[in-house]
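Reading the structure
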Amino acid sequence: MHRVVSNQELAPAVHRLVVEAPAIARARRPGQFVIVRLDHGHERIPLTIADADPAAGTITLVVQAVGFSTRAIVATPPGGWIRDIAGPLGSPTHLIAQGFAVCVGGGVGTAVVHPIAEALHRAGVRLCSIIGGRSRPYVIYHEELARLGEVRVCTDDGSWGRPGLVTDELRALCAERRPDIVYAVGPVPMMQAVVAVTRPLAIPTIVSLNPVMVDGTGMCGGCRVTVGGEVRFACVDGPEFDGFLVDFTELRQRLATYRAFERAACAEEECRARAAGAPARNQP
Ligand code: NAD
Ligand code: FES
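Quick notes on the rules
- Residues numbered from 1 in each chain as written.
- Chains lettered and ligands numbered in written order.
- Predicted model: local features only at pLDDT ≥ 70, side-chain atom pairs only at ≥ 80, totals over all residues.
- Heavy atoms only, no water.
- Near = heavy atom within 4 Å.
- Polar contact = N/O pair within 3.5 Å; in protein donor to acceptor, adjacent residues only side chain to side chain.
- Areas by Shrake-Rupley, 256 points an atom, 1.4 Å probe, with all protein chains shown as cover.
- Helix = DSSP H or I, 4+ residues; strand = E, 2+ residues; numbered from the N terminus.
- Core = buried A, V, L, I, M, F, W, Y, C linked by side-chain atoms within 4.5 Å.
- Buried < 20%, exposed > 50% of the residue type's maximum accessible area, 1.4 Å probe, protein only.
- Contact = heavy atoms within 4.5 Å.
- Pairing = 2+ DSSP bridges.
- Axes fitted to C-alpha atoms, helices over the stretch in contact; angles between N-to-C directions.

What follows deals with the site of ligand 1. In the neighbourhood of ligand 1, 22 residues make up the surrounding shell, with Val-108, Arg-134, Asp-156, Ser-208 and Asn-210 lying closest. Separating an oxygen atom of ligand 1 from a backbone N or O atom of Gly-133 is a distance of 3.2 Å. Computed on the free molecule, ligand 1 has an accessible area of 860 Å², of which 76% lies beneath the protein chains in the complex. Among the elements of the structure, β9 (126-133), α5 (166-176) and α6 (188-198) are those that each provide at least two residues to the shell around ligand 1.

Here it is in structure tokens:
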């Protein structure tokens, strides 16, 4: 069992949870993730480790409430409990040792970009982060990334920074000075659009994939993605891959597979909660 130390709303429906997990805090490296199961009967949710404090024995997870299990996770108050956290899982980020890197974060994916940016900064790599959200309240991790280098903000509605998508800013930046590498994390259409900008310029681009995961250890095949014409398992071979080689169309189709089940699970849970009016089992 893992105690929730703090739970802060970063953006609408996006929460930052600091959770006790001492062994994971000591072992994790940038780019790795955990699989969280809040309680019996809940889904196993893959979440990138946004930060870790080995001295305090805690890890930081950023969770977007999109379905039954993620809504329950973000509703867990400080002092509440998470039943299982498996990890650290996946391969650490491939970091360049010198040069100029651009980190592109879309919405909640910005939390995943943060540990990559931090590791690049520590290695002495020059850094620019391009982060975006639908509107100002949806832009996260600005302050943390600003400590590491330049940050350019974009919002769809123009309420902060450049009006438009992160790819508009990326295109402008690439015209100013050529990055040695681009790291992109966010919605799949965003990562696909980033690759559409960088491929013609032959700028190496790493994307972090978030397919459906079950065991997280390469056994179930749930997270399979096609990369360079070969089947790869995001949980062990990734989650980060060469963006030029990823079959994004297949990934988008596979991510849509369980939408109807998810909607049904949410509706069922809402009915049950209305009928019971009782707190969940993981509350303090
Ligand atoms: P969102 O849909 O609000 O988009 C955030 C920003 O990304 C936009 O403001 C825009 O700048 C950019 N963007 C979105 N679509 C784009 C496109 N087609 N072209 C160019 N730029 C685009 O994002 P959100 O709701 O915060 O994110 C949710 C999605 O992020 C979910 O699908 C989630 O699964 C995914 N996600 C992925 C990872 C990962 O590891 N890859 C981690 C966390 C979340
Ligand atoms: Fe089962 Fe990757 S989650 S193989």
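The structure having been displayed, the exposition proceeds.
Here we take up the nonpolar core. If you look at the biggest cluster of nonpolar residues, it comprises 34 residues, and the most contacted ones within it are Val-102, Val-104, Leu-170, Val-207, Leu-209 and Phe-248. The biggest single contributor to this core is α6, with 6 residues. What Phe-248 contacts, discounting residues up to four positions off in sequence, is Val-188, Met-191, Gln-192, Val-195, Val-207, Leu-209 and Gly-243.

In this section: the sheet that holds strand β3 (residues 33-37). Across the sheet, which stays open at both edges, the 7 strands sit in the order β6-β1-β2-β5-β4-β3-β7 with antiparallel pairing between neighbours. Each edge of the open sheet carries a strand with a single partner, namely β6 (81-82) and β7 (84-89). Sheet strands touched by helix α3 (residues 110-122): β4 (45-53) and β5 (58-64). Its angle to β4, the strand with the most contacts, is close to 40°.

Within α6, burial applies to Val-188, Met-190, Met-191, Val-194, Val-195, Val-197 and Thr-198. Residues of α6 that are buried in the fold lie against β8 (100-106), α5, β12 (181-185), β13 (205-208) and α8 (248-255).

What follows covers the sheet that holds β13. The 7 strands lie next to each other as β11-β10-β9-β8-β12-β13-β16, forming an open sheet whose pairing is mixed. In the strand order of this sheet, the two ends are held by β11 (162-163) and β16 (240-242), each with one partner. Of the strand pairs in this sheet, β8 and β9 are connected by 7 bridges, and their pairing is parallel. By the bridge assignment, Gly-105 is partnered in β9 with Ile-131. Strand contacts of α6: β8, β12 and β13, with the helix running at about 165° to β12, the strand carrying the most contacts.

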